[in-house]
Amino acid sequence: MHNVDDRPYFQQRAQRERALAGSCSDCGVALTHRKMAEEYERRAAGHIETINVTAIGAS
């Protein structure tokens, strides 16, 4: 479970991931950064359940 004090960190990370997504020339990498931003935003909003993440190219 996340502490309420974690929310500013998650918000900061979401902003950073969005900035990284905007600066990527590779669409796949940009998409990954956007997905990470979405997850940080969920956590900042208090959603603490985890999600399954499968690596691209994993078998």
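Cut-offs used in this document
- Residues numbered from 1 in each chain as written.
- Predicted model: local features only at pLDDT ≥ 70, side-chain atom pairs only at ≥ 80, totals over all residues.
- Heavy atoms only, no water.
- Salt bridge = Lys/Arg side-chain N within 4 Å of Asp/Glu carboxyl O.
- Helix = DSSP H or I, 4+ residues; strand = E, 2+ residues; numbered from the N terminus.
- Buried < 20%, exposed > 50% of the residue type's maximum accessible area, 1.4 Å probe, protein only.

Novice: What am I meant to see in the pattern of salt bridges here?
Specialist: Any two side chains of opposite charge can pair, so long as their charged atoms come close to each other. Under the defined criterion, the tally for this structure stands at four salt bridges. Of the charged contacts in the structure, one is a salt bridge between Arg-13 and Glu-17, with a shortest N-O distance of 2.7 Å. With Arg-13 and Glu-17 both in helix α1 (residues 7-23), this residue pair falls four residues apart, about one helical turn. A residue is classified by how much of its surface remains accessible, and Glu-17, at 2% relative accessible area, is buried. Across the pair Arg-43 and Glu-39 runs a salt bridge, and its minimum N-O distance is 2.7 Å. Taken as a pair, Arg-43 and Glu-39 lie in helix α2 (residues 27-44) at a separation of four residues, close to a single helical turn. Judged by relative accessible area, Arg-43 falls into the partly exposed class, the value being 22%. For Glu-39, a relative accessible area of 12% corresponds to the buried category.

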